[in-house]
Amino acid sequence: MDRVQENMNHILKKLDRTPRVAGAAFRLETLNGTRAWTASCGEMTPESRWYIASINKIFLSSLVLRAVRDGRISLEETLTGVCPGEIPEGLHRYRGVDYTGRITLRHLLSMTSGLPCYLSDRPAGKISGMKELELGMDRSWSTGEVLERVLSLPAHFPPGAPGRARYGDTGHQLLNLVIRKLENRPVPEVLTELFRELDMNDTRVIRDPGDRDFVLPRYRREIRDVGKYLSSTENDIVSTAGDLARFLRAFFQGAFWPAGDLYSLMDWKNIFFPFRYGLGIQQFYTPRILSPFGNVPDFNGHCGSTGSLAFYVEDLDLLITGTVNQQDYPQLAFRTAIRLLEVFR
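Residues numbered from 1 in each chain as written. Predicted model: local features only at pLDDT ≥ 70, side-chain atom pairs only at ≥ 80, totals over all residues. Heavy atoms only, no water.

Attention now moves to unusual backbone geometry. Negative phi characterises most residues that are not glycine, and trans characterises most peptide bonds. Along the chain, Phe273 connects to Pro274 via a cis peptide bond; the corresponding omega equals 5°. The topology assignment puts Pro274 in the loop between β10 (269-272) and β11 (275-277). Here the phi dihedral of Met111 falls at roughly 60°; this positive angle occurs in a residue that is not glycine. Take Met111: it is sitting in the loop between α4 (105-110) and α5 (129-134). With a relative accessible area of 6%, Met111 lands in the buried category. Of note, Asn325 is a non-glycine position whose phi angle comes to about 55°, a positive value. (Helix = DSSP H or I, 4+ residues; strand = E, 2+ residues; numbered from the N terminus. Buried < 20%, exposed > 50% of the residue type's maximum accessible area, 1.4 Å probe, protein only.)

Quick look at empty space enclosed by the protein now. Summed over the entire model, instances satisfying the criterion amount to two cavities of 30 Å³ or more. The volume enclosed by the largest cavity comes to roughly 90 Å³. What lines the largest cavity is a set of 14 residues, among which Met111, Ser113, Leu115, Arg166 and Gly171 lie closest to the centre. Those elements giving two or more residues to the lining of the largest cavity turn out to be α4 and α7 (170-183). Of the volumes computed, that of the second largest cavity is approximately 40 Å³. (1 Å grid on protein atoms, 1.4 Å probe; cavity = no way out; pocket = protein on both sides within 12 Å on 5 of 7 lines; lining within 4 Å. Points joined across faces, edges and corners; volume = space filled by probe spheres on them.)

Turning next to the layout of surface pockets. Of the voids in this model, the largest pocket is the one considered here, and its volume is about 910 Å³. Along the walls of the largest pocket sit 45 residues, with Tyr167, Gly304, Ser305, Thr306 and Pro330 positioned nearest its centre. Within the residue set of the lining of the largest pocket, elements represented by two or more residues are α2 (56-69), α5, α7, α9 (227-232), β10, β12 (282-284), β13 (299-304) and α11 (331-341). With four residues, the top contributor of residues to the lining of the largest pocket is α11.

Moving on to the sheet that holds strand β1 (residues 23-30). Across the sheet, eight strands lie side by side as β2-β1-β15-β14-β13-β12-β11-β10; this open sheet has antiparallel pairing. What marks the edges here is a single partner per strand, and that holds for β2 (36-42) and β10. Across this sheet, the average inter-strand angle for adjacent strands is 25°, counted without regard to direction. In the packing of helix α10 (residues 241-252) onto the sheet, the strands contacted are β1, β13, β14 (308-313) and β15 (318-323), and the crossing angle to β15 comes to about 145°. (Pairing = 2+ DSSP bridges. Axes fitted to C-alpha atoms, helices over the stretch in contact; angles between N-to-C directions. Contact = heavy atoms within 4.5 Å.)

Turning our attention to the sheet that holds strand β6 (residues 204-205). Across the sheet, which stays open at both edges, the three strands sit in the order β3-β9-β6 with antiparallel pairing between neighbours. A single partner strand is all that each edge strand has here, and the edge strands are β3 (50-51) and β6. Note: β6 against strand β9 (residues 237-239), two bridges, orientation antiparallel. Bridging from a neighbouring strand, Val205 pairs with Ile237 of β9.

Keep in mind these values describe shape, not function.
Printed below as a string of structure tokens:
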């Protein structure tokens, strides 16, 4: 057994003793795929299927980026231009001005639209959609319901405001409409075809509210069975650490955007510490002052609110994927990932 595998086994064994973790699975893999290491604990195995949460955003972004690369659409096209008649007036209203018609695909991909988040922003007198999910209050969110909620909320800033970005879920739900218009078929079908292209045989879009054939997410020690929500978005995904590594390899080797131009996607803007957002991708970063005993390299890719992650660490030429499957303590995934990488430094 090599020391990378020994280190992974040791770390996952300790993770298994963490009270809020019922199961976890991680994978390290070289970008060229010649070496891979896996470890798991609790109710999960390295091959377990689990809910990837917001990692789905990089899948949706990839579909749009590929269409831009192929000349089928432009980043500067407006949402209302691509989806005429589908976007209501007043969706983005800031200080009395309706900016809806100025929202571009670039804004949606880069979290710079200023739109309110239908899940995390709280309507007056109500709890947020995210809090509902944390409490186990399951409900569907159709596109119409998303639009209705966003119309009831104030925008945060004008689209493309200099230096501004705000993380949220509304933009990628609107990209559903863009993808459907581009491909002239439902988004789950487009994603399923992508999974087949990449041989992601253990990955699927959740379409049935009764689907239980995966490790359900947890909030503290409680299982969160929110099948109505997951099956209503048309883009929530179940996958494995291995399949996510396949996707990342394709992404960073140029399957969706020219490999020689990937840095153009890395026009980072701060969203909330320690994360930045580029064009369709997210970065986890740790300033050197906060890691005095060793530099923590940047992670580029995406993560999710359940402690799921899928990142390429360019400094080490490594992919890291996995989950702690814990909505109440998602930062544990990054603490674990940093420890897993220490053996390479």
